[in-house]
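Observations on the three-dimensional arrangement
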Amino acid sequence: MVNFSNIKGFTFDLDGIITNTAKFHEQAWHETAREVGTVWTDQLATDLKGISRMDSLEMILKAGNHENNYSQEEKIILADKKNKKYQNLIKQLTPTDILPGIHQLLDDLKDAGYLMSIASASKNAPTILDRLNIGDYFKGIVDPASLHAGKPSPEIFIRAGHILGFEPQEIIGLEDASAGVESIKGAGQTALGIGLATKKANPDLYFDNTDEVGLAEIKRRMI
Ligand code: BG6
Ligand code: MG
């Protein structure tokens, strides 16, 4: 693992790291699964974390062997319907929905001069950052619509690193999804995984919960 003294910036996943929108994605996809007749399991819920909207729908259809039963137009209608449900759920978000410890971490990183960017697969990320009133902490957000491949491809974290203008070994990426940790590692950054779902991908640093992740603790573990 690189020494903390090399670190200059941080790339953040959003859903499940900064705020618990992961539960709203799960709720909305669960309804889609019911509609298409796929049995919802904890494993499926875990595997969907970090995965783009259309790739998530494909996984849900595949899990129930329904992948050939829908035309592309019908898939787009299903994905749009899920997104409308999700957008309704996130209307209730306020700054109090930032996960424990994260606001402190953002303040500490900003005060210490680290740069931060967002590597979220979600096209709703700008709206969520606005609702949480934390957009100004970040130098930029990767536009997921511009990607060739979603997580676990490294592309999104590579692009988030380019926003910062630093080398991969100068960056720590934060993720709550196994696909996201894979993406960070593929980009050559230090992977900080939060929550059990990341364990499968072997993050460089692991924390059970967001409230355990502080600048001092990250430093301590990387020396
Ligand atoms: C990721 C979530 O951040 O964004 C996934 O972890 C979600 O669950 C993906 O499917 C895409 O989000 P959206 O808002 O563009 O449908
Ligand atoms: Mg996430």
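It should be emphasised that the depicted structure is a prediction, and the values quoted were computed from it without experimental measurement.

What follows covers the nonpolar core. Phe10, Phe12, Ile18, Phe138, Leu174 and Ile218 are the most contacted members of the largest nonpolar core, which totals 39 residues. There are two domains that each give this core at least three residues, and those are domain 1 (4-20 + 95-222) and domain 2 (22-90). Sequence-distant contacts of Ile18, that is, excluding residues within four places in its chain, are made with Phe12, Asp13, Asp97, Ile98, Leu99, Ile102, Ile118, Leu132, Ile134 and Phe138. One finds Trp29, Val36, Leu44 and Ala79 within the second-largest nonpolar core, a separate group that totals 12 residues.

Attention now moves to the site of ligand 1. Around ligand 1, 14 residues are found, and the nearest of them are Asp15, Arg53, Ser122, Lys123 and Asn124. In the model, an oxygen atom of ligand 1 is placed 2.6 Å from a nitrogen or oxygen of the Asp15 side chain. Comparing atom positions with the cavity grids shows ligand 1 to sit within the largest pocket. Secondary structure elements with two or more residues in the shell around ligand 1: helix H1 (22-36) and helix H3 (53-63). Two domains each provide a minimum of three residues to the shell around ligand 1, namely domain 1 (4-20 + 95-222) and domain 2 (22-90).

Let us now look at the coordination of the magnesium ion (ligand 2). Distances from the magnesium ion (ligand 2) to its protein donors, Asp13 (OD), Asp15 (O) and Asp176 (OD), fall within 2.1 Å. On the primary sequence, the residues serving as donors to the magnesium ion (ligand 2) are separated as D-x1-D-x160-D. One end of the pair, Asp15, is in the loop between strand S1 (9-12) and H1; the other, Asp176, is in the loop between strand S4 (171-175) and helix H8 (178-186), and 161 residues separate them in sequence. We note that Asp15, like Asp176, is buried.

Moving on to the environment of Ala112. Among the secondary structure elements, Ala112 is positioned in the loop between helix H5 (102-111) and strand S2 (115-118). For the pair Ala112 and Thr21, spaced 91 residues apart in sequence, the C-alpha separation works out to 28 Å.

On to the pattern of salt bridges. The tally for this structure, following the rule as stated, stands at 10 salt bridges. Residue Lys200 pairs with Asp47 through a salt bridge whose shortest N-O separation is 3.6 Å. Here Lys200 is found in the loop between strand S5 (190-194) and strand S6 (205-207), whereas its partner Asp47 is found in helix H2 (residues 42-48), with 153 residues between them in sequence. Overall, Lys200 belongs to the exposed group, its relative accessible area being 66%. With a shortest N-O distance of 3.8 Å, Asp176 and Lys49 are connected by a salt bridge. You can see Asp176 sitting in the loop between S4 and H8 and its partner Lys49 sitting in the loop between H2 and H3, a full 127 residues away along the chain. Owing to a relative accessible area of 6%, Asp176 belongs among the buried residues under this scheme. According to the relative accessible area criterion, Lys49 is partly exposed, its value standing at 28%. Connected through shared salt-bridge partners, Asp13, Lys151 and Glu175 make up one network.

Here is what the cut-offs are and how they apply
Residues numbered from 1 in each chain as written. Chains lettered and ligands numbered in written order. Predicted model: local features only at pLDDT ≥ 70, side-chain atom pairs only at ≥ 80, totals over all residues. Heavy atoms only, no water. Core = buried A, V, L, I, M, F, W, Y, C linked by side-chain atoms within 4.5 Å. Buried < 20%, exposed > 50% of the residue type's maximum accessible area, 1.4 Å probe, protein only. Domains from an automatic or database assignment. Contact = heavy atoms within 4.5 Å. Near = heavy atom within 4 Å. Polar contact = N/O pair within 3.5 Å; in protein donor to acceptor, adjacent residues only side chain to side chain. 1 Å grid on protein atoms, 1.4 Å probe; cavity = no way out; pocket = protein on both sides within 12 Å on 5 of 7 lines; lining within 4 Å. Sits in = over half its atoms within 2 Å of the grid points. Helix = DSSP H or I, 4+ residues; strand = E, 2+ residues; numbered from the N terminus. Donors = N, O, S within 2.8 Å, 3.2 Å for Na, K, Ca; no water. Salt bridge = Lys/Arg side-chain N within 4 Å of Asp/Glu carboxyl O.

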